[in-house]
Amino acid sequence: MAQLKAMSSCSSPNLAFHTQIGATEHNHKLCFLGKSSPKEFSGRRSSLVGHAIPRKILSVAHADNKKVIQAVLSGDREVEISTEKKSGGLRGKLNKVVLAYSGGLDTSVIVPWLRENYGCEVVCFTADVGQGIQELEGLEQKAKASGACQLVVKDLKEEFVHDFIFPCLRAGAIYERKYLLGTSMARPVIAKAMVDVAKEVGADAVSHGCTGKGNDQVRFELTFFALNPELNVVAPWREWDIQGREDAIEYAKKHNVPVPVTKKSIYSRDRNLWHLSHEGDILEDPSNEPKKDMYMMTVDPEDAPNQPEYVTIGIVSGLPVSLNGKELSPASLLAKLNEIGGRHGIGRVDMVENRLVGMKSRGVYETPGGTILFTAMRELESLTIDRETMQVKDSLALKYAELVYAGRWFDPLRESMDAFMEKITETTTGSVTLKLYKGSVCVTGRQSPYSLYRQDISSFESGKIYDQADAAGFIRLYGLPMKVRAMLEKGI
């Protein structure tokens, strides 16, 4: 421990994150290992900046599968940090930056760039939002090789689904008729965790690898503003001279950062537990049909099984709770539906959308589990919500989706609308049975103890509650404005 105290280039101590997730509560606990207090560590800075850094370990316990992700916090190689005070802006004024880190080429290059241009320590942060274990493997080696002083990995899957996806599902939020907001919902949960990590490690800034042309830069930074307006934000793509992939590779080689990829993917993809998006290459021409081998979550509907599969979704107060009678956690339920829907080719969307920054872009989305859940929710609401309420809900859902797409998750307007959605779906409880077949989702049955549907009223047979003769007077009164206008036009 004495050696660690003397040589650590990070002012933070050994840290271990253990994620404990319940059905409605998500606590990320930060444990300080060793005898020194957090306060003692926060005030200590190493005089060996730029020299070999000892290895530290973080462990993140995954509540759903008991697997542990270990993250090495520091590198063993020398990474030179510029001590020259940069003129203008924040350069030379930051001590520690938390970087949203994926281990890809861009974020691997950002680490040495931040150290070189801002003279600060870099804490890499990776969020597990269901992008797949393959995306998390090897992060420790990549972070160390890039020169990060610390790597933090947190399992956010349950929080992501319960606190971000399910509210959008309950609201019926769909952007521009098609987009189920997969990336839009993931960015605020990641940014929120970054704010928490910044506080835990004593960072005074956060950074991301979003380009200046996309929506994600807005989503990250609005969350930073809302949750900690004192944090500084560094967006390298809006500052540096790197113009593309080749420039980034050259910069990586110059700074002895191993290039993390050998073959360029022709598509720009974003994956989480809700969806997988595809952009770029031939998709940039809206007239081109996507290639069959592009899809990764769903089979081609033509190749899907020739026999349909039935699933029953259980819903309580507007939130899914079970699949085929078995209660599951939010993340487990969605993961299982992704598997089922994927093999039947469910949830493919090809659309041209209006980006927040003003341009149009074409994207292809795979959202198998989400498509099944949206269909189930809509069908159950047809039983439990009256006409006027449903019309208001549908109109607000458009604005709700717009706010989420624009990165305004923590906006008081969205939070107020969410309270409305929660209230009007209190009785949206029941089950919906769906048939999945070659890319289609069809409802076959729905039931609820709070159903407003009455067979004795709706039946064509005579009933005591509804007298068909009453319809004549209703029609005369309801159509009176139209009749008066027609009389005026005809001079009657």
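As the structure is a computational prediction, the values presented were derived from the model and not from experiment.

### Quick look at the overall build of the protein
Point 1. The number of helices and strands found in the protein is 16 helices and 18 strands.
Point 2. Counting over 492 residues, the protein shows a buried share of 49%.
Point 3. Accessible surface computed for the protein: about 24,400 Å², of which carbon and sulfur atoms make up 51%.

### Remarks on the sheet that holds strand 16 (residues 360-366)
Point 1. Strand order in the open sheet made by the four strands is 10-11-16-15, with antiparallel pairing throughout. Each edge of the open sheet is held by one strand with a lone partner, namely strand 10 (268-271) and strand 15 (348-354). Along the sheet, successive strands turn relative to each other by an average axial angle of 25 degrees, direction set aside.

### Examining the pattern of salt bridges
Point 1. Inspection of the entire model under this criterion finds 25 salt bridges.
Point 2. For glutamate 339, the salt bridge identified is with lysine 336, shortest N-O distance 3.7 Å. You can see glutamate 339 and its partner lysine 336 sitting in helix 10 (residues 330-343), three residues apart, about one turn around the helix.
Point 3. Put simply, arginine 343 and glutamate 339 hold a salt bridge, and the shortest N to O gap is 3.8 Å.

### Notes on the sheet that holds strand 5 (residues 96-100)
Point 1. The parallel open sheet is built from five strands, whose spatial order is 7-6-5-8-9. Among the strands making up the open sheet, the edge pair consists of strand 7 (150-155) and strand 9 (232-234). Each neighbouring strand pair of the sheet contributes to a mean axis angle of 25 degrees, computed without reference to strand direction.
Point 2. Relative to strand 7, strand 6 (residues 121-128) runs parallel, the two sharing six bridges.

### Some points on the confidence of the model for the protein
Regions with low pLDDT carry predicted coordinates that are not meant to be interpreted in detail.
Point 1. On average, residues of the protein score 85 in pLDDT, and 80% of them reach the 70 mark or higher.
Point 2. Across residues 1-9, where pLDDT falls below 50, the model places 20 contacts with residues more than four positions away in sequence or in other chains.
Point 3. Contacts for the low-pLDDT stretch residues 11-87, under 50 throughout, to residues beyond four places or in other chains number 187 contacts.

Rules used throughout
- Numbers given for residues are sequential positions, taken from 1 along each chain in its written order.
- At least 70 in pLDDT is required for a residue's local features to be given in this predicted model, at least 80 for side-chain atom pairs to be given and counted, and no such filter applies to totals for whole chains, interfaces and linings, which use all residues.
- With hydrogens and water excluded, all non-hydrogen atoms of the structure serve as input to the side-chain values.
- Segments assigned H or I by DSSP are reported as helices when at least four residues long, segments assigned E as strands when at least two residues long, and all are numbered from the N terminus.
- Accessibility here uses a 1.4 Å probe with only protein chains present; expressed as a share of the type maximum, an area under 20% marks a residue as buried, one over 50% as exposed, and anything in between as partly exposed.
- To measure how exposed things are, a 1.4 Å probe is used in the Shrake-Rupley method; for residues, cover is taken only from the protein chains shown.
- When DSSP finds two or more bridges between two strands, those strands count as paired.
- Axis definition: a line fitted to C-alpha atoms, over the contacting stretch in the case of helices. Angles run 0 to 180 degrees between N-to-C directions.
- Each salt bridge in this description consists of a side-chain nitrogen of Lys or Arg and a carboxyl oxygen of Asp or Glu lying within 4 Å of one another.
- Residue-level confidence of the predictor is summarised by pLDDT, bounded by 0 at the bottom and 100 at the top.
- Any two residues whose heavy atoms approach within 4.5 Å are treated as being in contact.

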